[in-house]
Amino acid sequence: MITKTAMITIAGRPNVGKSTLTNRLVGEKITIVSPKPQTTRRRILAVTTRGDTQFVFADTPGFHRARTKLGDYMDNVVRQSVADVDAVVLMVEPIPKIGPQEQALMDRLRENNMPAVLAVNKADTLEDKRALLPVIAAYSEAYNFEDIVPISARTGEGVEELLDVLEKFAVEGPQLFPDDYISDQPEKQICAEIVREKLLLTLDKEIPHGTAVVVTKFAEREDAEIIDLDVTIYCEKQSHKGIIIGRHGAMLKKIGELSRRDIERFMGAKVFLQTWVKVKENWRDSEALLRNFGFADDSF
């Protein structure tokens, strides 16, 4: 029986492994992952239960220097997410130097008098674990962390220990979400994100960062376990549209096949996926288009 809950925000610079950790904690892929920065654009809630405690984790966009209105939106999401929670996990890489993003986040934590745990990710990449000591020393001097836990979000190393630490922030209270609830993202949105993940994985340079994905049709056929899914990929330039489609449609076909495979795995049903590519110039700097694409809250 669940008698306690813990609201925990996971914050850090782009590509530090926040989404990988979120998926690891929940045991399901509910947030997309790629080696490119700014993969996560929204705050995503992930729910998991451990003993009598229900954890609600907020996976946030990577904190960075914003260059567009979309970037402003993402950074505002992070700033809002490190307040009004039970604790924050600040994820960092095993580098004994505090970067401007980490410093800005610690300043924000200090402003809110927020209890925080430092998770030093990618510990599995260190041949000698003694290399963690200067990292721990640097961050211990910069902020009064409740605890410091070396982890590997990729392998799971240290994740159980991290949960042990986070459990002490749980507060007495009723269960917030049903037992089978793992994310606040609707299925339609997760499907769109899966397509965007494939864009990030298959396209180079700036092109995938200038794309948005919108599901325009999500319908289950009555006579069969088949989901009809229509997806529009928006990009910023006509030349980018040509690259996304590829010669004779080869790139778009590849993106569609990779997406369909993962969507079918996630939905547990066959999927008939159709994709289109349209150009919306400078959409990342248009509040109206950002809201049309689902970035519609108080984060502007």
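Preceding this section is the structure that the text describes.
The following refers to the structure shown. (Residues numbered from 1 in each chain as written. Predicted model: local features only at pLDDT ≥ 70, side-chain atom pairs only at ≥ 80, totals over all residues. Heavy atoms only, no water.)

## Here's the deal with the packing of aromatic side chains
If you walk through the whole model with that rule in mind, you get 5 aromatic pairs. On the numbers, 5.6 Å between centres and 10° between planes, the contact of Phe55 with Phe57 is stacked. Look at Phe55 and you get buried, because its relative accessible area is 0%. In textbook terms, an aromatic cluster arises when at least three aromatic residues are bridged by ring pairs, as seen for Tyr234, Trp283 and Phe293. (Phe/Tyr/Trp six-rings, centres within 6.5 Å; stacked < 30°, edge-to-face > 60°. Buried < 20%, exposed > 50% of the residue type's maximum accessible area, 1.4 Å probe, protein only.)

## Overview of the pattern of salt bridges
Here the structure, examined in full by the defined rule, presents 20 salt bridges. Between Arg196 and Glu193 there is a salt bridge, with its nearest N and O atoms 3.0 Å apart. Of this pair, Arg196 and Glu193 both sit in helix H6 (residues 187–202), 3 residues apart, which is roughly one turn of that helix. Like Arg196, the residue Glu193 is buried in the burial classification. The partner of Glu236 in a salt bridge is Arg284, with the nearest N and O atoms 2.7 Å apart. Of the two residues, Glu236 sits in the loop between strand S9 (226–235) and helix H7 (238–245) while Arg284 sits in the loop between strand S10 (270–279) and helix H9 (287–292), which places them 48 residues apart along the sequence. The exposure class assigned to Arg284 is buried, which follows from its relative accessible area of 13%. What emerges from the salt-bridge pattern is a single network uniting Lys29, Glu197, Lys198, Asp262 and Arg265. (Salt bridge = Lys/Arg side-chain N within 4 Å of Asp/Glu carboxyl O. Helix = DSSP H or I, 4+ residues; strand = E, 2+ residues; numbered from the N terminus.)

## Concerning the environment of Val215
Here Val215 shows up in strand S8 (residues 212–220). Between the C-alpha atom of Val215 and that of Lys129, which follows or precedes it by 86 residues, the distance is 45 Å. Beyond its immediate sequence surroundings of up to four residues, Val215 is in contact with Lys188, Ala192, Leu229, Asp230 and Val231. (Contact = heavy atoms within 4.5 Å.)

## A few points about helix H1 (residues 18–26)
Turn by turn, an α-helix covers 3.6 residues, leaving residues three or four places apart pointing in a common direction. Most of H1 is tucked away: 7 of the 9 residues are buried. The complete set of buried residues in H1 reads Lys18, Ser19, Leu21, Thr22, Asn23, Leu25 and Val26. Buried residues belonging to H1 abut strand S1 (4–12), strand S2 (44–50), strand S3 (53–59), strand S4 (87–92) and helix H5 (159–166). After H1 finishes, the residue Gly27 shows a positive phi value of roughly 80°.

## Here's the deal with empty space enclosed by the protein
Taken as a whole, this structure holds 2 cavities of 30 Å³ or more when the rule is applied. Computed from the structure, the largest cavity encloses a volume of approximately 80 Å³. Forming the boundary of the largest cavity are Lys29, Ile30, Thr31, Ile32, Ile44, Gln185, Gln189, Ile190, Glu193 and Ile194. The element that contributes the greatest number of residues to the lining of the largest cavity is H6, accounting for 4 residues. (1 Å grid on protein atoms, 1.4 Å probe; cavity = no way out; pocket = protein on both sides within 12 Å on 5 of 7 lines; lining within 4 Å. Points joined across faces, edges and corners; volume = space filled by probe spheres on them.)

Note that all results are geometric; they support no functional claim without further evidence.
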